[in-house]
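Tertiary structure, described
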Amino acid sequence: MDAKDLLKKVRKIEIKTRGLSQNIFAGVYHTAFKGRGVTFSEVREYQPGDDVRDIDWNVTARQNKPFVKVYEEDRELTLMLLIDVSASELFGSTEDSKRDKMAEIAATLAFSSIANNDKVGVIFFSDEIEKYIPPKKGKTHILLIIREILNLQPKGKGTNIDNALQFLNRALKKRCTAFLLSDFIDDSDYYHNMSVANNKHDVVAIRVFDEKDMKLPDVGLLRARDLETGTQRWVDTSLPSTRREYEQNAFRYVQKISSTSTRCGVDYLSVSTEEDFVKKLLDLFRKRALR
């Protein structure tokens, strides 16, 4: 992509996602993720309406009446975006590739975050860590991130989510909110590091996929190439057994991220390149805000 086309695409994403962030997401984003970084302030006597989960049982036992812990919210949060830039993200059977859709989602999250004066950082990964952009504030920083999402030329082609989560756990000492964006076509075992990351931080997994990832069309004899390994072979898509095997393999990856996120206590949603992600993201934020 040349510089002119890149700037045009960045500008288009900025206009669309800044509007969403300012008019729709900013308030609900902060409500959904506030209180994740809090510090203990004091204890005081229990009052009707206080959350019983905040009762300090040690003080309550000593004073023989209920006391609750009071926390101060850490208003400045940090948003980390873990973005899969492996070769499979370049695929798109419609107008948008998976990488294009990730750029829109990431930009919406980033602009929502800076509207609350939060910092935003990024970890770009394939089967290696491609680039780390430390958390900073400001619109210029966000535009840099969008340009990198669209135009970064990764060294690796494969996917290793476990490696990305391990890097997050090492690089970020302070608690953050981390959005992991990937198609999750990955054979690595990322359960342990996802669990560690979600205990230390607040992780949300967003699977971005193309409909053709899930279902192989019946178009006869097709020469297919694996974008990550470069392997090419002829596939007879007219055979029901071939299409069934393809779908079963795709379903395996979906089940893996779904079950892993559930076991780790990670919020998870799935977005197709053909659908509007706004409603799904809003539903997620609102569900979190009610917890």
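In short, a report on the structure. (Residues numbered from 1 in each chain as written. Predicted model: local features only at pLDDT ≥ 70, side-chain atom pairs only at ≥ 80, totals over all residues. Heavy atoms only, no water.)

1. A closer look at unusual backbone geometry
Of note in this structure, asparagine 64 is not a glycine but carries a positive phi near 65°. Position of asparagine 64 among the secondary structure elements: in the loop between helix H2 (57–63) and strand S2 (67–73). Judged by its relative accessible area of 71%, asparagine 64 falls in the exposed class. One non-glycine residue, phenylalanine 184, adopts positive backbone phi at about 60°. (Helix = DSSP H or I, 4+ residues; strand = E, 2+ residues; numbered from the N terminus. Buried < 20%, exposed > 50% of the residue type's maximum accessible area, 1.4 Å probe, protein only.)

2. Some thoughts on the packing of helix H5 (residues 161–171) against helix H6 (residues 191–200)
Closest axis-to-axis distance for the H5/H6 pair is 9 Å, and the angle between their directions is 30°. Between H5 and H6, the angle falls in the class roughly parallel. Regarding H5 and H6, the two cross each other, and that crossing is left-handed. Along its contact with H5, which presents Asp162, Leu165, Gln166, Leu168 and Asn169, the element H6 presents Asn193, Met194, Val196, Ala197 and Lys200. Considering only residue class, the contact of H5 with H6 consists of five nonpolar, three polar and two charged. (Axes fitted to C-alpha atoms, helices over the stretch in contact; angles between N-to-C directions. Parallel < 35°, antiparallel > 145°, perpendicular 65-115°, else oblique. Left-handed = near helix turned anticlockwise from the far one by under 90°. Contact = heavy atoms within 4.5 Å. Nonpolar A, V, L, I, M, F, W, Y, C, P; charged D, E, K, R; others polar.)

3. Considering the side chain of glutamate 130
Its place among the elements puts glutamate 130 in strand S5 (residues 129–136). Buried and unpaired, glutamate 130 has no salt bridge, with lysine 155 as the nearest side chain of opposite charge at 6.0 Å. (Lys, Arg positive; Asp, Glu negative; His and termini not counted. Salt bridge = Lys/Arg side-chain N within 4 Å of Asp/Glu carboxyl O.)

4. Section: the pairing of strand S3 (residues 78–84)
The buried fraction of S3 is high, at seven of seven residues. Side chains Thr78, Met80, Leu82 and Asp84 of S3 all project onto a buried face; the interleaved residues Leu79, Leu81 and Ile83 project onto the opposite face, where all are buried too. Bridging between S3 and strand S4 (residues 119–125) involves seven bridges; their strand directions are parallel. The partner of leucine 81 across the bridge, within S4, is valine 122. On the question of chirality, the crossover connecting S3 to the parallel S4 by way of helix H3 (residues 98–114) is right-handed. Across five bridges, S3 lies against strand S6 (residues 177–182) in parallel orientation. Note on S6: the bridge partner recorded for leucine 81 is phenylalanine 179. (Pairing = 2+ DSSP bridges. Right-handed = clockwise from strand over helix to strand, strands pointing away.)

5. As for the pairing of strand S10 (residues 267–272)
Burial runs high along S10: five of the six residues are buried. In this sheet, S10 lies alongside strand S7 (residues 202–209) in parallel orientation, the contact comprising six bridges. Looking across to S10, one finds that alanine 205 is bridged to tyrosine 268.

6. What to know about the pattern of salt bridges
Where side chains of opposite charge bring their charged atoms close, a pairing between them can arise. One pass over the structure, following the stated rule, counts 12 salt bridges. Where aspartate 213 meets lysine 98, a salt bridge forms, and the shortest distance between an N and an O atom there is 3.0 Å. Of this pair, aspartate 213 sits in helix H7 (residues 211–214) while lysine 98 sits in helix H3, and the two are 115 residues apart along the sequence. Taking the relative accessible area as the measure of exposure, aspartate 213 reaches 15% and is therefore buried. Notably, a salt bridge pairs glutamate 148 with lysine 131, separated by 3.0 Å at the nearest N-O pair.

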